[in-house]
Amino acid sequence: MKKTIFSFMGIALALFAFTSCGEKSTAGNTAAKTANTKKMVLRYAEIQAQDYPTTQAAYKFAELVEQKTGGRIHIDVYHGGQLGDEKATIEQLVFGAIDFTRVSISPLSEFDKSLNVLSLPYLYKDAAQMWRVLDGDIGEQFLTNVESAGLVGLSWYDAGARNFYNSKRPVTKLEDLKGLKIRVQESQIMMNMVSALGASATPMAYGEVYSGLQTGVIDGAENNWPSYDSVSHYEVAKYYCLDEHSRVPEMQLVSKITWDKFSDEDKKIIKECALESAKIERELWAEKEKASEEKVKAAGAVITELEAGEKEKFQAAMAPLYAQFGQGYESLIKDIQSK
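Rules used throughout
- Residues numbered from 1 in each chain as written.
- Predicted model: local features only at pLDDT ≥ 70, side-chain atom pairs only at ≥ 80, totals over all residues.
- Heavy atoms only, no water.
- Helix = DSSP H or I, 4+ residues; strand = E, 2+ residues; numbered from the N terminus.
- Buried < 20%, exposed > 50% of the residue type's maximum accessible area, 1.4 Å probe, protein only.
- Contact = heavy atoms within 4.5 Å.
- Areas by Shrake-Rupley, 256 points an atom, 1.4 Å probe, with all protein chains shown as cover.
- Phe/Tyr/Trp six-rings, centres within 6.5 Å; stacked < 30°, edge-to-face > 60°.
- Lys NZ or Arg CZ within 6 Å of the ring centre and 35° of its normal.
- Core = buried A, V, L, I, M, F, W, Y, C linked by side-chain atoms within 4.5 Å.
- Arc of directions from axis to C-beta.

Participant: In this structure, what is going on with the overall build of the chain? I would like to understand it.
Facilitator: A count of helical and extended segments in the chain gives 14 helices and eleven strands. Counting only residues that meet the buried cut, the chain has 46% of its 339 residues in that class. Of all intrachain contacts in the chain linking residues separated by at least 6 positions in sequence, the fraction that spans at least 24 positions is 74%. Surface summary for the chain: the accessible area is close to 16500 Å², and the carbon and sulfur share equals 54%.

Participant: Please explain the packing of aromatic side chains as it appears in this structure.
Facilitator: Geometry of an aromatic ring pair is reported as the spacing of the ring centres plus the angle between the planes. This structure, assessed with the given rule, holds eleven aromatic pairs. Between Tyr228 and Tyr234, the ring centres sit 6.2 Å apart and the planes meet at 70°, which makes this aromatic pair edge-to-face. Assessed through its relative accessible area of 12%, Tyr234 is described here as buried. The rings of Tyr165, Trp225, Tyr228, Tyr234 and Tyr240 are connected pair by pair, giving a single aromatic cluster. The positively charged end of Arg282 is found above the aromatic ring belonging to Trp131, 3.6 Å away from the centroid.

Participant: Looking at this model, I keep getting lost on the nonpolar core. Mind explaining?
Facilitator: Generally speaking, nonpolar side chains in soluble globular proteins are found buried as a group. Within the largest apolar cluster, 52 residues are counted, with the highest numbers of intra-cluster contacts made by Leu108, Leu115, Leu118, Trp156 and Leu197. Of all hydrophobic cores here, the second largest spans 23 residues; its members include Ala57, Ile75, Val152 and Ala274.

Participant: What's the story with helix 3 (residues 86-94) in this structure? I'm lost.
Facilitator: Residues three or four positions apart in an α-helix share a direction because the helix packs 3.6 residues into each turn. Residues of helix 3 that are buried include every one of Glu86, Thr89, Ile90 and Leu93, and no others. Within helix 3, the buried residues cover an arc of 105° as seen down the axis, which keeps them to one side. Here the buried face of helix 3 lies against strand 1 (40-45), strand 3 (100-104), helix 4 (105-108), strand 4 (151-157) and strand 10 (250-255).

Participant: Explain unusual backbone geometry to me, please; I cannot follow it from the model alone.
Facilitator: Across residues other than glycine, the phi torsion is negative in most instances, and most of the peptide bonds are trans. Phi at Tyr122 is positive, roughly 55°, even though this residue is not glycine. Tracing the sequence through the fold places Tyr122 in the loop between helix 4 and helix 5 (127-134).

Below, the structure is given as structure tokens:
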């Protein structure tokens, strides 16, 4: 009888142990599954307004990532410079305080000097040539190069071509720029460019340009169609010359710290979504440019192009800049110009 009781007790203990192990195993699997599907909430910094092409593309990027990861990765877009200016957001990306951003390569070149090559004036014949470069091996190499600064380049965004505009006279040839006081960014390349063209380079905060033009502190400035329109510079500087001296693209970035947290599958998704958002941004940018052009023309802006043979004169004047800022990258510059 005692043997029978002990046998039943042994069976009961065995069953209990088996059940307990099963519960622990199930609990362990659930925990692992939860860890693998844990939602990530990330931050994307954008300095432009909510309706700007780059911001709209950022929202689309976030939407695509959420869709393709089944909601595991959620990205909040902070527009209008809520997280700081471009330089500040780059610095925060390096330390992982912000996860994604879109910036001009001008401030980014402080973190990767090779990007100065892409800022050289009159580097491209037209937009088609620039995209052949950026969407090819050269562009991919530049996206990779920023990893040394703690960043990962994802895709290229369009920022159009920058052109000169002024309040004094139409510009159709090099001599027309002589003596004009032109506002530029606080960039050595831009200051040297304006000086080389015979004008007087005047560094000034962007927010002060309208009043500077209005009061005659400066005679002109340079920027793309949407910027010329959005801050109403056409009201005080109606002469806009399509010289297309600079095509400075913008890069969509992710923090290397954030990037290293993604699985290989998620990295592939993020890259695909970034490339898709870049296509969307370029379409939105083209629409914005067209709308801005039509608006300023209707308001009385005088649009001019360079006379035949003048573009070559502008390019020739850039030789000292290429010698200074292109030093060590001569073969790369030739490769870009041959595309």
